[in-house]
Amino acid sequence: MPAVTGDTARGISEQVAGRLAAIDALLPAPVAAEGCGAELAVTGPGGAPAAMATCEHWAGEPGSLDLTWGAARRFQLTPQVAGPDVAAALDGLLARWRDHLADVPDAAEADTAAVITWPTRDIDGARPLLRHGLAPRAVIAARAAGRRPATAVPVDPDVRIRRAGSADLEAVVRLGMETIRYDAHFGTVVERPETPGALRHEAARVLAAPDPWVWLAERDGAAIGLLYAEPPEFAGWIAPMVRAEPVAYLELMDVLAGERGGGVAAALAAQLHRAADESGVAVTLLHYEQVNPLSGPFWHQQGYRPLWTSWEARPASTLR
Ligand SMILES: CC(C)(COP(=O)(O)OP(=O)(O)OC[C@H]1O[C@@H](n2cnc3c(N)ncnc32)[C@H](O)[C@@H]1OP(=O)(O)O)[C@@H](O)C(=O)NCCC(=O)NCCS
């Protein structure tokens, strides 16, 4: 397909906006992302524009926590697939992307990923994504204001839930690292030498704010559980992923292995949800690893449901 002109791009975006709104009311209207300049577009039957995309070449800042959440270098496709044959248009787009990455020597390096974040309910995408060697990894799940947990279980009265503050930095980092180590089993999250320092740096900033959205569960004065979240003023980075606003983000949640299954996490989540609902938060978002056996079931029970799934090929050159 020749270069995408402004009119063609607008036409595709309008069709995508209509298609996505019909699939999932929480999905935002498509926004064109800054890309590397590669022309990634396909036509459908009769030569009508069917899809376009940009590819961003992202590299994590040395020492940043971003490097923990995935590969050090990410080639991120932002697709806009109008259809009418979504699977065929996406298939063509992924083939263009593969050919583009074949010309990028760095895409063969071990610590790289080809990443596409696809609406979970846009089910026509799954087969083309699999066919091109991408695997579903992290899910962005959403809880709309006011949602209640499926079951309410009383927590052990010896467990105390309290808001954390700056004096709790060590406990927050220790339990936050437990979450990261558990999630690292599933191959997306990477514990790096700089991870504890990066987490400490970020947590110190969050805990210094008045009434941080961070809670600890304690037994006999020792921290056994953590919920670490960002109120809307810290969560602007992820707000564009959802149509409603304001948006909060839950970043870390952990209950020590010997304490699980007793309602500690449910009690922590109830604190966050009360704060979010009282502050007028429209949607709370979080990431969980699709194959984490504990987190997905737990979050669904707490009123979250999948919104986006990120699909990856690692290294990026394994996209086929
Ligand atoms: C996910 C996680 C935080 C949940 O913590 P938890 O304290 O075990 O959660 P809860 O006890 O509130 O709920 C877990 C289960 O115990 C059940 N439960 C809760 N209270 C209970 C009680 N008093 N008696 C019996 N069962 C109870 C819940 O119904 C739930 O059951 P289900 O999974 O069959 O639906 C914990 O498993 C964990 O730390 N995992 C490792 C790190 C991780 O994955 N973090 C999330 C990253 S997104």
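See the structure printed just above.
Now for a description of the structure that goes with this document. (Residues numbered from 1 in each chain as written. Predicted model: local features only at pLDDT ≥ 70, side-chain atom pairs only at ≥ 80, totals over all residues. Heavy atoms only, no water.)

1. Looking at the side chain of T309
Of note, T309 is situated in strand β11 (residues 305–313). There is a polar contact of 2.9 Å between the side chain of T309 and the side chain of T120. Discounting chain neighbours no more than four positions away, the residues touching T309 are I116, T117, W118, T120, P136, R137, A138 and V139. (Helix = DSSP H or I, 4+ residues; strand = E, 2+ residues; numbered from the N terminus. Polar contact = N/O pair within 3.5 Å; in protein donor to acceptor, adjacent residues only side chain to side chain. Contact = heavy atoms within 4.5 Å.)

2. Quick look at the site of the ligand
Around the ligand, a shell composed of 23 residues is seen, among which M253, V255, G261, G263 and N292 lie nearest. Within the backbone of M253, a nitrogen or oxygen atom sits 2.9 Å from a nitrogen atom of the ligand. Expressed as a share of its isolated accessible area of 940 Å², the protein-covered part of the ligand is 74%. Elements with a minimum of two residues in the shell around the ligand: α4 (169–184), β9 (247–255), α6 (264–278), β10 (283–289) and α7 (295–301). Residue contributions to the shell around the ligand peak at four residues, all from α7. A per-class count over the shell around the ligand returns 12 nonpolar, eight polar and three charged. (Near = heavy atom within 4 Å. Areas by Shrake-Rupley, 256 points an atom, 1.4 Å probe, with all protein chains shown as cover. Nonpolar A, V, L, I, M, F, W, Y, C, P; charged D, E, K, R; others polar.)

3. Considering the sheet that holds β10
Judged by pairing direction, the sheet is mixed, and its 11 strands sit side by side in the order β1-β2-β3-β4-β11-β5-β10-β9-β8-β7-β6 without closing on themselves. Taken across any chain shown, the strands that pair with only one partner, and hence form the sheet edges, are β1 (40–43) and β6 (159–163). Sheet twist, expressed as the mean angle between neighbouring strand axes with direction ignored, is 25°. Pairing of strand β5 (residues 135–144) with β11 involves six bridges; the strand directions are antiparallel. Pairing of P136 across the sheet is with W311, part of β11. (Pairing = 2+ DSSP bridges. Axes fitted to C-alpha atoms, helices over the stretch in contact; angles between N-to-C directions.)

4. As for the pattern of salt bridges
Tallied over the full model, the rule gives 17 salt bridges. A salt bridge links R10 to D7; the nearest nitrogen and oxygen atoms lie 2.6 Å apart. With R10 and D7 both in helix α1 (residues 6–23), this residue pair falls three residues apart, about one helical turn. Of the charged contacts, one joins R98 and D99 as a salt bridge, the two residues approaching to 3.1 Å between their closest N and O atoms. (Salt bridge = Lys/Arg side-chain N within 4 Å of Asp/Glu carboxyl O.)

5. Here we look at the layout of surface pockets
Space inside the second largest pocket adds up to approximately 260 Å³. Around the second largest pocket, the lining is made up of 16 residues, and of these V4, L40, M52, A53 and T54 lie nearest the centre. Sorting the residues of the lining of the second largest pocket by element identifies β2 (49–59) and β3 (73–81) as the ones contributing at least two each. When its residues are assigned to classes, the lining of the second largest pocket shows 10 nonpolar, five polar and one charged. (1 Å grid on protein atoms, 1.4 Å probe; cavity = no way out; pocket = protein on both sides within 12 Å on 5 of 7 lines; lining within 4 Å. Points joined across faces, edges and corners; volume = space filled by probe spheres on them.)

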